[in-house]
Amino acid sequence: MFRVDRTQNRLSRLVQKRFSDLNLRERDHLQEWLANQPDALGEELLIIQKEFDGFDETRERLDLLALDKDGNLVVIENKLDDSGRDVTWQALKYTAYVSPLKTTDIVTIYQQYLDRYCGGGNAVEQICEFMEVEDLSEVVLNPGNDQRMIFIAANFRREVTATVLWLLSRGIRAQCFKVTPFMLSDELIIDVQQIIPTPEAADFMIGMSSKENEEKAAQDNQKQRHSLRIDFWQIALEQLRKDGVGLFANISPTRSHWLSAGFGISSCSFQLIFLRKEARVQLSLDRPDKAENKWLFDQLHAQKDEIEADFGERLVWRRMDENKQSLIVHSEEFDGFNQDSWPEMAIWMSKNMQRLEQALRTRATQLNIPATLPAPEES
């Protein structure tokens, strides 16, 4: 790895180091880096446990356990300067151990992780957010034999790479990432590179496993819901246009259960929510800075009586101290997956989005976020 000196138009080689030379440890350093930045491995992963030891009749611990975007469990085994001879055997055991885990088990494991390492949170909600679904009935977690393995080390022994290549040839998803520390003056730089399979060859080397009945049913269910949502949004958007609501004029039907439209403050939006048992209109405060969202919420909440008087009904004020986002919500129960209910739902959404916009837009856009804010207080 090289540093470019643009003034001299020259390259200078960074000093490659060993983890042991830098007094870096597997659990305290490499594991923590990956637990807090799993996309360093080239994809979105949700870490659901570290040092997982929930195996019957054994005290063995796997380094990191994650979910990928397809709901597969990913066993991540970290080594430092040398992969060792037995890492593939360890990972195979751990993968076999976690293969029977059901959705309820995974939720429990992740909830324990949130409570111990993240100060709490709702495991179901966060898994749904990661999987981009309304509820967990739309997906199957840990389907069939699709568990994955990721090996991480600065150097891999031949017996390890040969085993991983053999696993890949049998349709078992396994990857090797070479992680190398470099020093640039006093700055530590870590290079993470996937070496097996190479990213360019991955799609050709990873076979598609046969799907079990539960997986197929879940996929069909998900496709059906996506189709239903697209059909419903066509009706709802047509109703909004008919009623002269310009807020969503440039929005197209999607397979998601929500539609968003900006209203004057960056990363904040009015939203229509289509659920199986209810419809919602809401203002979402979702700026990158949690403190700014809570400040905006508190300023609006201070005008609660006036806002609800203008809206004509009470609203649900969800500060959600444990989350970055805050919401101001109005909802109504509907049989959302009954298409006969859709015209009534569309009329309700159009009417109440107009009322919500009129009650909130001027007040919200008049708020000037201070340059510095204290961390939001937990209530």
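Just above, that's the structure.
Definitions and limits used
- Residues numbered from 1 in each chain as written.
- Predicted model: local features only at pLDDT ≥ 70, side-chain atom pairs only at ≥ 80, totals over all residues.
- Heavy atoms only, no water.
- Axes fitted to C-alpha atoms, helices over the stretch in contact; angles between N-to-C directions.
- Helix = DSSP H or I, 4+ residues; strand = E, 2+ residues; numbered from the N terminus.
- Left-handed = near helix turned anticlockwise from the far one by under 90°.
- Contact = heavy atoms within 4.5 Å.
- Nonpolar A, V, L, I, M, F, W, Y, C, P; charged D, E, K, R; others polar.
- Phe/Tyr/Trp six-rings, centres within 6.5 Å; stacked < 30°, edge-to-face > 60°.
- Buried < 20%, exposed > 50% of the residue type's maximum accessible area, 1.4 Å probe, protein only.
- Pairing = 2+ DSSP bridges.

Chemist: Sorry, what's going on with the packing of helix α9 (residues 304-311) against helix α10 (residues 342-365) here?
Modeler: Close contact between α9 and α10 brings their axes to 9 Å; oriented N to C, the two are set at 145°. Between α9 and α10 lies a crossing of right-handed hand. Between α9 and α10, the residues in contact are Glu-306, Ile-307, Asp-310 and Phe-311 and Asn-352, Arg-355, Leu-356, Ala-359, Leu-360 and Arg-363, respectively. Considering only residue class, the contact of α9 with α10 consists of 5 nonpolar, 1 polar and 4 charged.

Chemist: What's the story with the packing of aromatic side chains in this structure? I'm lost.
Modeler: Here the distance between the centres and the angle between the planes together describe a pair of aromatic rings. Evaluation of the coordinates by the stated rule reveals 14 aromatic pairs. Summarising the aromatic geometry, the rings of Phe-55 and Tyr-97 are spaced 4.7 Å apart at their centres and angled 45° between planes, so their arrangement reads as tilted. Taken as a pair, Phe-55 in the loop between β4 (46-52) and β5 (62-67) and Tyr-97 in helix α2 (residues 87-98) lie far apart in primary sequence, 42 residues in all. The partly exposed category is assigned to Tyr-97, whose relative accessible area is 32%.

Chemist: How do you make sense of the pairing of strand β1 (residues 2-5) when you look at a structure like this?
Modeler: On any regular strand, side chains alternate: one points to one face of the sheet, the next to the other face. Pairing geometry for β1 and strand β2 (residues 10-13), over 4 bridges, is antiparallel. The partner of Arg-3 across the bridge, within β2, is Ser-12. Hairpin connection from β1 to β2: 4 residues lie between these consecutive antiparallel strands, with Asn-9 at a positive phi of about 55°.

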